[in-house]
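Spelled out, the chains give:
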Amino acid sequence: MTGWVELLWHGKRSREFTRESIDEHYGPLREVRRISLPFQRIELLGIHKETLTPIFPQEDWPQNYPKDWKNLLIWGDNLLAMSSLLQGIEVNGERINLRGKIKLIYIDPPFATGADFSFKVPMPESWQELMPKNEIVKNPSIMEILAYRDMWGGRTPEERIASYLNYMYDRLVLMKELLADYGSIYVHLDYRMVHYVKLMMDEIFGRENFRNEIIWHYRRWTAESKNYQAMHDVLLFYSKTDNSPINHVMIEPTPSQKAVIDRGYNVNVVHEGGSKVKQLLVYDKGKVENLIKSGKLNPKNYDRIIYVDRSETAAPDVWTDIQFLHSQSLERLNFPTQKPEKLLERIILASSNEGDIVADFFSGSGTLAAVAEKLGRRWVCCDMSKYAIHVTRKRLLDIANSKARGIRVEDESKRPKYGKPCRPFYLVTIANYLTDRMTNHSDAIQLALNLYGASPMKQPFRHLHGLREREKEVVHVGQANFPVTPAEIRETIAEFQETPFYRDGWTLVILGWDWAPDTFERARDYWEKQSVWLKLLHIPPVSRIEEVLKKHGIKASDAIHLEHAFDEEVRKHLRFVEPGYLKLDVHKDGLKVTITIKDFWVRLPHGYEDLEEEIRSRIESAAKDDEKRRYFLPLINYWAVDWNYDGVVFKHDFVSFDRKPGEGNVEVCAVHTYPEPGTYRVVVKVTDIFGGETSRELELTVGE
Ligand SMILES: C[S@@+](CC[C@H](N)C(=O)[O-])C[C@H]1O[C@@H](n2cnc3c(N)ncnc32)[C@H](O)[C@@H]1O
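(A) Just the overall build of the protein chain, in detail. Along the backbone of the protein chain there are 19 helices and 32 strands. What you see for the protein chain is a C-alpha radius of gyration of 30 Å, in line with the 27 Å of a compact globule of 704 residues. Its C-alpha atoms put the protein chain at 105 × 80 × 50 Å along the principal axes. Within the protein chain, the proportion of its 704 residues that are buried is 34%.

(B) Main features of the domain arrangement of the protein chain. Under the domain assignment, the protein chain is made up of domain 1 (19-246 + 317-429), domain 2 (253-311), domain 3 (441-515 + 541-571) and domain 4 (581-702). Centre-to-centre separation of domain 1 and domain 4, based on C-alpha positions: 30 Å. Each side of the interface is counted separately: domain 1 has 27 residues, and domain 4 has 29 residues. If you list the elements that add at least two residues to the side of domain 1 that touches domain 4, you get strand E1 (42-45), strand E6 (119-122), strand E7 (135-138) and helix H10 (386-397). Ranked by residue count, the leading element in the side of domain 1 that touches domain 4 is H10, at five residues. In the side of domain 1 that touches domain 4, the residues fall into 15 nonpolar, five polar and seven charged.

(C) Main features of the sheet that holds strand E31 (residues 678-688). Taken in spatial order, the four strands line up as E29-E27-E31-E32 in an open sheet, and their pairing is antiparallel. This sheet does not close on itself; its edge strands, each paired only once, are strand E29 (654-657) and strand E32 (693-702). Each strand of the sheet is rotated relative to its neighbour by a mean of 15°, with strand direction disregarded. Pairing of E31 with E32, which is carried by ten bridges, proceeds in the antiparallel orientation. Bridge assignment links Val-682 to a residue of E32, and that residue is Leu-698.

(D) How the structure looks around the site of the ligand. Contacts to the ligand come from 19 residues, most closely from Phe-362, Gly-364, Ser-365, Thr-367 and Ser-385. A per-class count over the shell around the ligand returns seven nonpolar, seven polar and five charged.

(E) Looking closely at the sheet that holds strand E13 (residues 275-282). With mixed pairing, three strands are arranged side by side in an open sheet as E12-E13-E14. With partners counted over all chains shown, the strands left at the sheet margins are strand E12 (265-272) and strand E14 (304-307), one partner each. Looking at each pair of strands side by side, their axes are set apart by 30° on average, direction ignored. Direction of pairing for E12 relative to E13: antiparallel, over a ladder of eight bridges. When the bridges of E13 are listed, His-271 appears paired with Lys-276.

(F) Inspection of the environment of Arg-544 at higher detail. You can see Arg-544 is positioned in helix H15 (residues 542-551). Taking the C-alpha atoms as reference points, Arg-544 and Arg-575, 31 residues apart in sequence, are found 9.8 Å from one another.

(G) Spotlight on the packing of helix H8 (residues 341-351) against helix H9 (residues 367-374). Relative to each other, H8 and H9 sit at 55°, their axes nearing to 9 Å. By the angle class used here, H8 and H9 are oblique. At the point where H8 passes H9, the crossing takes the right-handed sense. Of the residues in H9, those touching H8 at Glu-341, Leu-344, Glu-345 and Ile-348 are Thr-367, Leu-368, Ala-370, Val-371 and Ala-372. For the contact of H8 with H9, the per-class residue count stands at six nonpolar, one polar and two charged.

(H) Expanded view of unusual backbone geometry. Even without glycine at this site, Leu-52 takes up a positive phi of about 60°. Examined against the element boundaries, Leu-52 turns out to sit in the loop between E1 and strand E2 (71-75). The class for Leu-52 is exposed, based on 11 C-beta atoms found within 10 Å. Residues other than glycine seldom take positive phi values, yet Lys-472 does so here, at roughly 55°. With respect to the helices, strands and loops of the structure, Lys-472 is situated in the loop between strand E21 (466-468) and strand E22 (473-477). You can call Lys-472 partly exposed: it has 13 C-beta atoms within 10 Å.

(I) How the structure looks around helix H19 (residues 625-632). Buried residues of H19: Arg-629, Tyr-631 and Phe-632, and no others. With its buried residues spanning 160° around the axis, H19 presents them on a single face.

How each quantity is defined
Numbers given for residues are sequential positions, taken from 1 along each chain in its written order. Totals for whole chains, interfaces and linings use every residue, but because this is a predicted model, local features are given only for residues with pLDDT of at least 70 and side-chain atom pairs only at 80 or more, for both listing and counting. Helix and strand labels come from DSSP, where a helix needs a run of H or I of at least four residues and a strand needs a run of E of at least two; each type is numbered from the N terminus. For a compact globule the rule gives 2.2 Å times the number of residues to the power 0.38, and the radius of gyration it is set against comes from C-alpha atoms. Buried means a residue has 20 or more other C-beta atoms within 10 Å of its own C-beta, exposed means 12 or fewer, and partly exposed covers the counts in between; C-beta atoms are placed from the backbone. By convention here, the domain bounds are inherited from an automatic or database domain assignment. What counts as a contact is two residues whose backbone-derived C-beta atoms lie within 7 Å of each other. Under this grouping Gly is polar, as are all residues other than the nonpolar Ala, Val, Leu, Ile, Met, Phe, Trp, Tyr, Cys and Pro and the charged Asp, Glu, Lys and Arg. At least two bridges found by DSSP between two strands is the condition for calling them paired. Here an angle of 0 to 180 degrees is reported between the N-to-C directions of two axes, which are lines fitted to C-alpha atoms, with helices fitted over the stretch in contact. For each residue, a C-beta position is placed from the backbone atoms; the residue is near a molecule or strand when that point lies within 6 Å of it. Reported orientations rely on four angle classes, namely roughly parallel under 35 degrees, roughly antiparallel over 145, roughly perpendicular from 65 to 115, and oblique for the rest. Each helix crossing is assigned a hand: it is left-handed if the near helix lies turned anticlockwise from the far helix by less than a right angle, otherwise right-handed if that turn is clockwise. Of all possible arcs, the one meant is that of the directions from the helix axis to the C-beta atoms.

Quick look at the structure:
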């Protein structure tokens with residue numbers, strides 16, 4: 001049997017074994033891969049546009065919060081992000097090396113339910129009459145599918161568990177290296193994986209550094225089950241060394257504790273020097289004196305009287321006072337696995353101090369970032385899902401409107417708003433998803449060519465893979481396990497320009513499974529300069545291809561060899577679509593510039609082709625701008641303008657976003673007055689409700 005998971009212990013098997021003999025038999029432990037990649041794209045947020053100084057006044061920052069620090073939100077695989085942070089990486093001229101610097105790591109890794117990569121995105125009300133359900137399911141991207149396979153690949157449950165443990169092992173080893181000597185880590189799991197991970201954590205962090213198994217018990221509605229209802233998660237709490245202290249955490253007493261406190265006293269027995277000592281614990285002196293006066297309590301019955309303040313109790317390792325986030329909760333951000341801020345508040349308060357660096361490498365909707373920000377901690381967060389990153393960015397930019405943390409309130413509904421802006425943070429990207437599980441590249445190319453209706457190139461080219469003669473198109477196919485990058489497009493264009501096809505005015509088509517950030521914009525700039533006819537098209541998602549092939553009785557393995565075998569009937573269900581577009585209107589009046597969004601569109605996920613066509617035709621036939629906007633504006637989740645782009649860091653000068661998804665209340669115009677005449681590079685960036693980005697770069701001359 002392959003892929004088994006077995007716990008070994010001395011005496012379990014008939015032959016003696018030692019650590020060395022195991023190494024000899026099974027080979028030494030696998031080295032953790034450490035690939036350090038540069039951060040590619042950089043955005044800087046939380047700063048004043050003119051002065052580039054923090055919006056949050058620095059005099060109000062905690063004392064030991066370094067004034068030049070910028071928090072980090074990283075989009076990419078955490079293995080790459082952590083390796084890079086350990087080896088040191090440059091961001092906008094600043095060198096960042098976090099080896100041994102992080103005080104607290106909290107992670108809430110996904111469990112193989114797939115729930116983290118598929119989302120239901122609520123749709124605009126103006127579309128309601130056109131759709132049966134007011135939501136669209138966003139399927140995972142190819143990078144997310146590959147990550148999911150890496151994490152949970154295998155034919156048998158055992159193989160899948162082993163794969164999950166390998167995935168976690170690599171990451172936990174790197175986390176340990178990032179932790180400071182007095183640092184702590186909390187790993188949030190549920191009943192399915194906790195026992196395996198506990199043993200692995202013992203191995204990596206040392207059993208002596210295991211501090212607590214925290215049970216977070218919550219109530220929620222669940223479907224009927226043959227078993228007891230699962231209503232708890234587990235947090236494994238380890239420290240890097242066995243003497244890292246935690247800050248005292250006091251919580252509200254439970255109702256039964258409260259009843260005892262209300263009575264005014266309690267009784268307990270402690271053992272001292274081999275004898276029992278009976279104690280009277282007095283919580284309310286007045287009440288106890290009355291009870292003594294009335295003869296209901298006799299102090300002589302006790303060996304000792306102790307006066308204690310019991311408005312709070314020390315937090316135990318079972319947490320029952322933190323509510324699960326229900327679908328209607330105000331804190332909800334339309335992120336399925338979002339955790340409550342109160343949970344993160346407790347952990348951050350216990351295991352870090354103001355100014356410390358705290359991190360979450362599976363950060364989802366950015367709960368740790370938001371709470372760390374409110375509690376004056378520095379933070380580093382990473383997620384590989386584009387959608388998660390844009391939910392987090394928006395959450396931080398809107399943090400003033402969320403609830404304050406770090407204060408106790410009698411009534412949660414009266415918790416005040418936080419009311420402050422976020423401190424500066426970088427959003428950086430590591431877009432390459434590297435995997436050993438290379439799908440056979442030539443098969444994937446052949447399949448994409450067949451689906452697109454192109455035939456393979458007869459001559460050996462490096463980047464040019466196929467031809468569609470009737471349409472006069474030369475085709476390049478991106479790799480299935482790697483997003484198409486601007487560099488790849490540049491090389492393809494260079495090769496294309498050497499061919500007679502270029503001279504005869506053919507079009508170069510790039511088919512991609514996924515795209516590195518900003519690819520469209522950078523490719524567009526480049527090809528315009530090179531005067532090449534270029535078309536970038538998305539290859540339909542694998543799930544869609546499989547579905548269509550199955551419907552037509554074609555096996556995917558055969559499809560690779562079926563050159564020209566796809567007739568129009570099959571292909572019309574497989575759309576190769578162009579990326580979204582953004583049309584802007586620019587109005588100049590002296591030094592003042594107004595940019596208006598005239599039209600915006602993103603590709604709807606597969607399965608919604610008819611809806612997309614219907615809505616597009618409504619937009620095109622609408623006579624008034626208002627009417628057009630009603631349909632396209634709700635697709636915009638967030639947009640921003642950098643009025644003076646330096647070519648490296650995108651600075652969020654103008655920002656507008658939809659507070660509630662699908663309501664379409666983003667602004668349509670951005671206005672700016674330049675301090676002096678000149679020619680400026682302006683970048684407009686739009687994030688759509690599916691987490692995709694479309695941007696435009698303009699060159700504006702003002703005040704001529
Ligand atoms: C359970 S969610 C975290 C939810 C988060 N605690 C919150 O409050 O919103 C797990 C997250 O891990 C991310 N993820 C999974 N594998 C990853 C990887 N290799 N690198 C970075 N992020 C990853 C997923 O995209 C997902 O957003």
